[in-house]
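Per-entry structural report
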Amino acid sequence: MVSSWTLGRRITALCAVIAVLLGAIAVTAAVAAASSRAQVKKLINQAGPLRVAAAQLPGFLVDQETGVRGYAMTRTDDSLTPYRNGVARQLRLTADMRELTDDRTVLALLASIDARTAGWRARIAEPTLAAVRAGGRAEDMPVMTDAAKAEFDGIRTTVAALQARVNANRDALVNEIRRGQNVVVTLLILAAAVVVLAGAALALLMRRLVTRPVVTLASEVRRVAGGEYDLEIASTGPPEVARLAADVNAMRQQIVADLGTVRQGRRAVEEANSQLGDANSRLERQAAELTRSNRDLEQFAYVASHDLQEPLRKVASFCQLLQRRYAGQLDERADQYILFAVDGAQRMQRLINDLLAFSRIGRITNGFTDVDLNRLVADAASLLGWRSDQVDGHISWSTLPTVCGEEPLLSALFTNLISNSLKFRHPDRPPKVRLEAERVGGEWQISCIDNGIGIEPEYADKIFVIFQRLHPKHEYPGTGIGLAITKKIVEYHAGRIWLDPAAREGAVIRFTLPVVPAKPDVDPKLRPAWIPSARDSTHAEEITP
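As the structure is a prediction and not an experimental result, all values here were calculated from the model.

Ordered in space as β2-β4-β5-β7-β6, the 5 strands form an open sheet in which the pairing is mixed. Strand pairing shows two members of the sheet lacking a second neighbour, β2 (394-397) and β6 (497-499), which therefore form its edges. This sheet shows a mean twist of 15° between the axes of neighbouring strands, independent of strand direction. The sheet contacts of helix α8 (residues 373-383) involve β2, β4 (432-440), β5 (443-450) and β7 (508-514), and relative to β2 the element is tilted by about 175°.

Here it is in structure tokens:
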């Protein structure tokens, strides 16, 4: 029955027996220790002080006798001081001793001492004092008689009996304390012996039920690992080790069964490696093509900024020349055609410039620095002051933080937002623009609030798409790229931008900037050669007159 127990069950049974033994020892030791502590407390607080008081009592009695004798011989009041002090101290001392003991013998002896000393004072001391005061001779005084001496010797005998009883009680208490300490020490030695025996039993159990079967199992596993795949692994030891051996044997059988599959897989892998080499070659070719494509895009940007704009400038210049020289000399339709050509050429130039500005965000950089947003907003408000004055507008802002970013980009960001708010003003009220900042976690949330015509919530995502417009260009001019540039600037600074749909009046655009943003991995030698223009299809226009 016991042989079928699991290793855990056997260890649990052994630990339970040890716990019961140690628990019994601990309880007994605790009881003995508590009793010993009580005896020590009694020794310190009662027996010790009682013994000291018993030793002091004879001195107070002697003071009374010598005081009376001295007064009888000297007849001076100073000689009575020891007598009076002795009486007071004796009475106080015996009262204290009664508080320190509950031994009936000690209490009876104390009562006897008080009664006999009171009788001695009544029969011997007080009559002697009265006789001295009456002028009697010293040798005739009651204190000088043999009877008085015998009576006082009897009091001393009683005091000696009291001291003997007090000392006997103290010695008995000391012996009890020693016996209790011996019991505690014996129990501790017994507990140590139980722990040592339990450790030895546990070590023997582990060696017999774990170490030996595991060593045997490891030896057989090594043989299998050496190539003896047909070796049957025996299941020995406790149920846990037997199950482990069975699992290892099952694994051996599965390995033998999978060897054929592995060999077939090896051949398949070899074939796949050859195919993978071809795939790697294709990836390298695609990477090279992507590199060439990027170079082509860079070349396109250069062409768009120089070669492509040159013919546009010529077209616009000659169309403007035709407009100035032949205006009114041709028919009305010809003048309209020339106006369309001039406007189209100029619009194409603005679109190309804005597209280049949009594509260069994050590629050509001056590096991140600490930027005071209060100064940037003040500069933007000053730049747009003439436009605000034209419409009786008001631009204000609360205290804004200092962030880490690119100053030209952040300046363009605030200029675009303020310009949009002034541009899309409500026809029935002067425009008001308010910039506020609030820290939310690890980000600054900055809001641009205006009282303009507002934006419907269903267009919240559309306004940040490049070249997207919500109004005809004859109502609100612009290329439709301003808020797209704003969004890209914010995202370049690891932030987010969105339209708050809960605005009751006008539009509220919010964006975030990190409190401590990470610096982008760029070449610090590069310098920005541009500043984005403040144009937008829905909330931006050209800010240069």
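Continuing now.
In terms of residue burial, helix α11 (residues 482-492) counts as a mostly covered element, since 8 of its 11 residues are buried. For α11, the complete set of buried residues consists of Gly-482, Leu-483, Ala-484, Ile-485, Thr-486, Ile-489, Val-490 and Tyr-492. Two residues or fewer after α11 comes Ala-494, characterised by a positive phi angle close to 65°.

Where helix α2 (residues 81-100) meets helix α3 (residues 104-134), the closest approach of the two axes is 10 Å, and the angle between their N-to-C directions is 165°. In terms of orientation, α2 lies roughly antiparallel with respect to α3. When you trace α2 past α3, the crossing you get is left-handed. Taken together, the residues of α3 that come into contact with α2 (itself represented by Tyr-83, Val-87, Gln-90, Leu-91, Thr-94, Met-97 and Arg-98) are Leu-107, Leu-110, Ala-111, Ile-113, Asp-114, Thr-117, Trp-120, Arg-121, Ala-125, Glu-126 and Leu-129. For the contact of α2 with α3, the residue count by class is 11 nonpolar, 3 polar and 4 charged.

Let's shift gears to helix α4 (residues 146-225). Compared with an ideal rise of 1.5 Å per residue, which puts 80 residues at 118 Å, α4 spans 114 Å between its outermost C-alpha atoms and is within 8% of the ideal. Along its length, α4 shows its largest kink, about 40°, at Arg-207. Note on α4: the residue one or two positions beyond its end, Gly-227, has a positive phi of about 120°.

Another aspect to go through is unusual backbone geometry. Phi at Arg-75 is positive, roughly 55°, even though this residue is not glycine. Topologically, Arg-75 is positioned in the loop between α1 (7-74) and α2. Positive phi, normally seen in glycine, also occurs at Ala-494, with a value near 65°. Structurally, Ala-494 can be placed in the loop between α11 and β6.

With respect to the helices and strands, Gln-39 occurs in helix α1. Engagement of the side chain of Gln-39 in a polar contact is seen with the side chain of Glu-176, the distance being 3.3 Å. With near-sequence residues (within four places) excluded, Gln-39 lies in contact with Leu-173, Glu-176 and Ile-177.

In total, this model carries 3 aromatic pairs according to the counting rule given. Arranged with centres 5.9 Å apart and planes meeting at 65°, the rings of Phe-414 and Phe-511 form a pair that is edge-to-face. Taken as a pair, Phe-414 in helix α10 (residues 407-423) and Phe-511 in strand β7 lie far apart in primary sequence, 97 residues in all. The same class applies to Phe-414 and to Phe-511, which are both buried. Over the aromatic face of Trp-444 sits the side chain of Arg-439, whose NZ or CZ is 6.0 Å from the ring centroid.

Basis of the calculations
- Residues numbered from 1 in each chain as written.
- Predicted model: local features only at pLDDT ≥ 70, side-chain atom pairs only at ≥ 80, totals over all residues.
- Heavy atoms only, no water.
- Pairing = 2+ DSSP bridges.
- Helix = DSSP H or I, 4+ residues; strand = E, 2+ residues; numbered from the N terminus.
- Axes fitted to C-alpha atoms, helices over the stretch in contact; angles between N-to-C directions.
- Contact = heavy atoms within 4.5 Å.
- Buried < 20%, exposed > 50% of the residue type's maximum accessible area, 1.4 Å probe, protein only.
- Parallel < 35°, antiparallel > 145°, perpendicular 65-115°, else oblique.
- Left-handed = near helix turned anticlockwise from the far one by under 90°.
- Nonpolar A, V, L, I, M, F, W, Y, C, P; charged D, E, K, R; others polar.
- Expected span 1.5 Å × (residues − 1).
- Bend = angle between axes of the 7 residues up to and from the residue.
- Polar contact = N/O pair within 3.5 Å; in protein donor to acceptor, adjacent residues only side chain to side chain.
- Phe/Tyr/Trp six-rings, centres within 6.5 Å; stacked < 30°, edge-to-face > 60°.
- Lys NZ or Arg CZ within 6 Å of the ring centre and 35° of its normal.

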